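So you can see what is in the structure, the chains are spelled out below.
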Amino acid sequence: MAAGEFRLRVCHAKSGRARFLSHLEVMRALERSSRRAALPYAVTKGFNPHMKAAFGPALPVGTAGEREYFDIWLTQPVPAAEALERLRRSTPGELGIREVRYVHEREPSLTAASTMARYEVAVGGEGVTAEGIAEALVTVIGEGRLEVERKGKTKVFDLARSLPEEVRVGSTGPPVIVEVTTRMGQEGSLRPDALLEEALSRAAVDGAVVSVTRTDILIEEEGVVRRPL
Amino acid sequence: MNSDLYQRVEALLPRVERPVRYINSEWGARHASDGGHRTVLLYPDTYEVGQANQALAILYDRLNSIEGLAAERAYVPWVDMAAEMRAAGVPLFSLESCSAVADFDILGITLPYELTYTNILEALDLAGIPLDATGRAEEHPIVLGGGPCAYNPEPVARFFDVILIGEGEDAVVQIATAHRDAKRSGLSRSEFLDNLAGMPGVYVPTLYRPAPGGGVEPSGSAPPVVMKRVLTDIGVHRPPLCPVVPYMDVVHDRFAVEVLRGCTRGCRFCQAGMVYRPVRERSADDIVRDVMEGLRCTGYDEVSLTSLSTTDHSQLEEVLRRLTGRLEGSGITVSLPSLRVDAFSVSMARLVSGGRKSGLTFAPEAGTQRLRDVINKNVTEEDLIETVSRAFSAGWRRVKLYFMIGLPTETDEDILGIGGLVYRVQQAAREAVPASDRGSVRIGVSVSTFVPKAHTPFQWEGQIPTEEIVRRQEVLRSAMPRKGIDLSWHDAEVSFLEGVVARGGREVSAAIEDAWRAGARFDAWTERFGLAPWRQAFAEAGLDPAAIASRSYRRDERLPWAHISSGVSERYLWLERERALSGTTTVDCSFDGCTGCDACGTLSVDVLLGGEARGRR
Ligand code: SF4
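Residues numbered from 1 in each chain as written. Chains lettered and ligands numbered in written order. Predicted model: local features only at pLDDT ≥ 70, side-chain atom pairs only at ≥ 80, totals over all residues. Heavy atoms only, no water.

**Section: the overall build of chain A**
When its secondary structure is counted, chain A shows six helices and eleven strands. Projected onto its principal axes, the C-alpha positions of chain A cover 60 × 35 × 35 Å. Across the 229 residues that make up chain A, the buried fraction comes to 48%. Only carbon and sulfur atoms are counted for the fraction: they give 51% of the accessible area of chain A, which is about 10900 Å². Computing the positive centroid from 32 side-chain charges and the negative centroid from 32, chain A places the two 8 Å apart. (Helix = DSSP H or I, 4+ residues; strand = E, 2+ residues; numbered from the N terminus. Buried < 20%, exposed > 50% of the residue type's maximum accessible area, 1.4 Å probe, protein only. Areas by Shrake-Rupley, 256 points an atom, 1.4 Å probe, with all protein chains shown as cover. Lys, Arg positive; Asp, Glu negative; His and termini not counted. Charge placed at Lys NZ, Arg CZ, Asp CG, Glu CD.)

Written out as structure tokens, the structure is:
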């Protein structure tokens, strides 16, 4: 950080129709929101000066998010409440701004620090029951490893590592709501829909993942798990 | 009535490419309340191609600013989505309210380019609207066309109830208002259309029939010649200051202010330069005010000062100095879409480009001075070399040059001339940069094939045949320097089809329909283009496409577009043709006095520079 810059962390949603946006589209939209909010944003130096901002881990097209994050550097400290209000007014409702707070420059970057994410996966379909899904998940997780094919490449996940918390299956439905916490990072991030799709195919039931929502992004620090804000 | 189709649309989205095309809810989208008169404006291509179209953005803004009128947007779904929609029985929908396009009062379709015509039929079919204007019933929307290709409307005339010729910001509001009033007073569709045919700029194709000598003529009291609509001062309407800001990465994804309309440099191949006369500039004060307000409202990090020839604006330097001053330190950039070949343009580009040295673009168009004089492209080789040297000494490393082949009177010598010119540009560029940097010098060369367009001095000329296009492209390739040149050219078959559709008359509409039925759509997309459905369609319609594209007309023959006028007289166009053939150039009337094209007198308008009338001299 250059001296005299203030790092504002913003928590926002990616909901409703906006879940069909790509990460790049969300980034661009929020940068435009920040300019519309007339925040005194810092500009990078160099050949192609642009707004100084950094975004959290990407969400795929189709996946919603309840608490997503980005950092923006300001050249003047606008009171957080005012920045929140201005951002809210200049952001489409489906990317609703939830919270802002200044964070220390020593705070690690969002992408580096975020190592876990919680999801809610809705599974629908004729034959889908909570018990059926729970059973199938026990089988899949019991095997300890999951092969996922994406874009012609196979990736193997160690489930003991990739699933740091117990998977919880809701009692109502369909759609049955499944809560999954996965680890993300350099070694790859397990997509919760991949886990559920595997479970569905094991259980041989006629069902499908109907929606995926990332409800939280988490930072692990010396054994403590916390939100970025 | 719950007309919202979104639930049904959403169910299809996980299965299609780029669902962001169909979700609406962008910043700046207007959601009119129910009850008023509703127009849906359709761009006949995908969302990302059409979203930034400035003409539609202007009409959207105008209609939504008027009490009791409302406008929404629609685009053509990509082939995957169209298949899903047909399978699920979901009709073509508007974005804002996600209602069926067929439920609107007016369906406005812009005509940007000939190779989008099959998409118009795809859109009508998906909407459940009969393709033929004569097949439509009272409940169907009025299908209204307009835009650049309206200057030769016949190939698509059958599919439209109304085609507007010329500038739409006032005319479209008048048409929508007239339609609302007609509905209120219980007029039938045909009564409304009969009345509308008297409005300036309005062409109602069903009121015209083929004329014995070619072209069409009114069958009743409709005007024999429809004169284009034109604004005397574009400053009376501010540009859209809070346009829709897309989520998707669209073509021309930036805020835009139209700084001038028209161009009177007089290039003889250029339809836009003839049909958008005269030149009318927005004043420097208005431009600066509107740029700043639009940037605040949209949050864009780039603004483009658009027009056919922005470096011709008489106050450009002032505008750029004021804008760069105001935008200092904001990371927001100003861009100029095209540059004139001169030192002034390079210094203007330097003013706005800051550190970013993306490429510069110039259009010498032809390879020899003789041919440049024929087409009235008033650029000399010295100008070009000098301009390129200046740009490369100022830090640029890339330049793109646009040329055309197939121009009237062209010989192989002219084509070889392109190669020679490119070589000398390359040498000049290399000499202008430090030796260590020579490797990074890139010269892009883009070569299109000339299509003789309606309402230009070359409208009487035929297009060269496809085999000849291919041969000349071969000559060109052999003439190009071997290294450091990125050469690209337009597919000969695409240019041929453009020629057929741009030069044809009403008979071509049958082939467009057949081609669409045979599966042609998104013809402007390289990966989708194929001549096969078109060949089949021409055969079924009993047409020889080569004869249509390459047909030359005599002065006394009636042209297929003779019932449409841009205000520039046929007399003047013919005179310009004769001057072309004798290699005589014509000056720019905005700066050097009226050259007598008749547009100003016929249309009762005047050249407006910096917001002030210059007066015809
Ligand atoms: S009438 Fe004269 S001044 Fe007007 S556009 Fe034509 S040439 Fe230019």
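**Focus: the overall build of chain B**
The helix and strand inventory of chain B stands at 23 helices and 21 strands. Scaling as 2.2 N^0.38, a compact globule of 617 residues should have a C-alpha radius of gyration of about 25 Å, and chain B matches this with 24 Å. Based on the C-alpha atoms only, the size of chain B along its principal axes is roughly 70 × 60 × 55 Å. Counting over 617 residues, chain B shows a buried share of 60%. Considering only residue pairs separated by 6 or more positions, chain B has 76% of its internal contacts joining residues 24 or more positions apart. Positive and negative charge centroids in chain B, built from 68 and 83 side chains respectively, lie 4 Å apart. (Rg over C-alpha atoms; globule rule 2.2 N^0.38 Å. Contact = heavy atoms within 4.5 Å.)

**Overview of the sheet that holds strand β6 (residues 202–203) of chain B**
All names here are of chain B. Spatial ordering of the open sheet is given by β2-β1-β3-β4-β5-β6, a layout of six strands whose pairing is mixed. Strand pairing shows two members of the sheet lacking a second neighbour, β2 (69–75) and β6, which therefore form its edges. Pairing between strand β4 (residues 142–146) and strand β5 (residues 162–164): two bridges, direction parallel. Each residue of the ladder has a partner; that of G145, found in β5, is I163. Packing against the sheet, helix α3 (residues 54–64) makes contact with β1 (37–43), β2 and β3 (106–110), and its axis sits at approximately 150° to β2. Helix α8 (residues 189–196) rests against β4, β5 and β6 of the sheet, and its axis sits at about 25° to β4. (Pairing = 2+ DSSP bridges. Axes fitted to C-alpha atoms, helices over the stretch in contact; angles between N-to-C directions.)

**A short note on the interface of chain A and chain B**
With 22 residues of chain A in contact, the opposing surface of chain B contributes 29 residues. Summing both sides of the interface, chain A and chain B together bury roughly 2200 Å²; the carbon and sulfur share of this comes to 53%. When residues of chain A are sorted by the area they lose upon contact with chain B, A:R17, A:F20 and A:R32 head the list and together hold 33% of the total. Taken together, the connections running from chain A to chain B amount to four salt bridges. B:R18 is paired through a salt bridge with A:E25; the nearest N and O atoms lie 2.8 Å apart. At the junction of chain A with chain B, the criterion picks out ten residue pairs in polar contact (both at pLDDT 80 or more). When residues of the side of chain A that touches chain B are assigned to their parent elements, the largest contribution, six residues, is made by helix α1 (residues 23–36) of chain A. (Buried area = accessible area lost by both parts, 1.4 Å probe. Salt bridge = Lys/Arg side-chain N within 4 Å of Asp/Glu carboxyl O. Polar contact = N/O pair within 3.5 Å; in protein donor to acceptor, adjacent residues only side chain to side chain.)

**A short note on the pairing of strand β6 (residues 145–150) of chain A**
Taken together, the six bridges between β6(A) and strand β7 (residues 153–158) of chain A define a ladder with antiparallel strand orientation. Of the residues in β7(A), the one forming a bridge with A:L146 is A:F157.

**Some thoughts on the domain arrangement of chain A**
Interfaces are frequently sized by the accessible area removed from exposure as the parts join. All names here are of chain A. Each assigned domain of chain A is listed with its residue range as follows: domain 1 (6–107) and domain 2 (115–226). Taking only C-alpha atoms into account, the centre of domain 1 sits 28 Å from that of domain 2. Taken together, the 13 residues of domain 1 in the interface contact ten residues of domain 2. Here domain 1 meets domain 2 over a buried area of about 970 Å², counting both sides, of which 49% is carbon and sulfur. Across the domain 1-domain 2 interface, the total number found is six residue pairs in polar contact (both at pLDDT 80 or more). Tallied by class, residues from the side of domain 1 that touches domain 2 come to six nonpolar, three polar and four charged. (Domains from an automatic or database assignment. Nonpolar A, V, L, I, M, F, W, Y, C, P; charged D, E, K, R; others polar.)

**Some words on the side chain of B:S307**
Residues and elements named next belong to chain B. Topologically, S307 is positioned in the loop between β13 (302–306) and α11 (316–327). Using a relative accessible area of 17% as the deciding quantity, one classes S307 as buried. A polar atom in the side chain of S307 sits 3.0 Å from the backbone nitrogen of S309. A distance of 2.8 Å separates a polar atom in the side chain of S307 from a polar atom in the side chain of T310.

**Here we look at unusual backbone geometry**
The omega torsion across B:R277 and B:P278 is -10°, close enough to zero to call that bond cis. Inspection of the secondary structure puts B:P278 in the loop between α9 (271–275) and β12 (280–281). The residue A:A204 is not glycine, and still its phi comes out positive at about 50°. For A:A204, the position within the fold is in the loop between α6 (192–203) and β10 (208–221).

**As for the domain arrangement of chain B**
Residues and elements named next belong to chain B. Here chain B is partitioned into domain 1 (3–222), domain 2 (228–338 + 567–617) and domain 3 (358–507 + 543–552). If you average the C-alpha positions of domain 1 and of domain 3, the two centres end up 36 Å apart. Of the residues lining the interface, 13 residues belong to domain 1; the matching set on domain 3 comes to twelve residues. Taking both partners together, domain 1 and domain 3 bury about 1000 Å²; carbon and sulfur atoms supply 56% of that area. Considering only the side of domain 1, the residues that lose the most area to domain 3 are E114, L115 and N152, jointly responsible for 44% of the buried surface there.

**Re α6(A)**
Residues and elements named next belong to chain A. Over its twelve residues, α6 runs 17 Å from end to end, which matches the ideal 16 Å to within 8%, given 1.5 Å per residue. Of the positions making up α6, those classed as buried are P192, D193, A194, L195, L196, A199 and L200. Against β5 (114–124), α4 (130–142), β6, β9 (176–183) and β10 lie the buried residues of α6. Two residues or fewer after α6 comes A204, characterised by a positive phi angle close to 50°. (Expected span 1.5 Å × (residues − 1).)

**Looking at the nonpolar core**
Residues B:F93, B:L305 and B:I443 are the most contacted members of the largest nonpolar core, which totals 195 residues. In terms of residue count, the dominant contributor to this core is helix α5 (residues 117–127) of chain B (seven residues). When sequence neighbours within four positions are dropped, the list of residues in contact with B:I443 reads B:F392, B:V399, B:L401, B:V422, B:V425, B:Q426, B:A429, B:G484, B:I485 and B:D486. In terms of nonpolar packing, the next biggest core, distinct from the first, is built from 34 residues, A:I133, A:V148, A:F157 and A:L196 among them. (Core = buried A, V, L, I, M, F, W, Y, C linked by side-chain atoms within 4.5 Å.)

**Focus: the state of the cysteines**
Residue and element names in this part refer to chain B. In total, this model carries one disulfide over all chains according to the counting rule given. Covalent S-S linkage joins C242 and C297, the inter-sulfur distance amounting to 2.0 Å. Because the torsion about its S-S bond is 110°, the bridge between C242 and C297 counts as right-handed. In this pair, C242 is assigned in the loop between β9 (226–227) and β10 (255–258) and C297 in helix α10 (residues 284–298), connecting sequence segments 55 residues apart. (Disulfide = S-S within 2.5 Å.)

**Looking at a negative patch on the surface**
All names here are of chain B. A surface patch of negative charge is lined by E138, E139, E191 and D194. Along the chain, E191 turns up in helix α8. The exposure class of E191 is partly exposed, given its relative accessible area of 40%. (Patch = residues over 30% accessible without salt bridge, like charges linked within 9 Å, V, L, I, M, F, W, Y side chains within 5 Å.)

**Examining the packing of helix α15 (residues 412–432) of chain B against helix α16 (residues 466–479) of chain B**
Residue and element names in this part refer to chain B. Where α15 contacts α16, the two axes come as close as 8 Å, and the packing angle between them is 40°. Pair α15 / α16 crosses with right-handed handedness. Contacts between α15 and α16 involve D412, I415, L416, I418 and G419 from the former and R471, R472, V475, L476 and A479 from the latter. Its residues placed into classes, the contact of α15 with α16 shows six nonpolar, one polar and three charged. (Left-handed = near helix turned anticlockwise from the far one by under 90°.)

**Regarding α5(B)**
Residue and element names in this part refer to chain B. Most of α5 sits inside the fold, with ten of its eleven residues counted as buried. Looking only at α5, the buried set comprises Y117, T118, N119, I120, L121, E122, A123, L124, L126 and A127. Taken from the residues just after α5, G128 is the one with a positive phi, measuring 75°.

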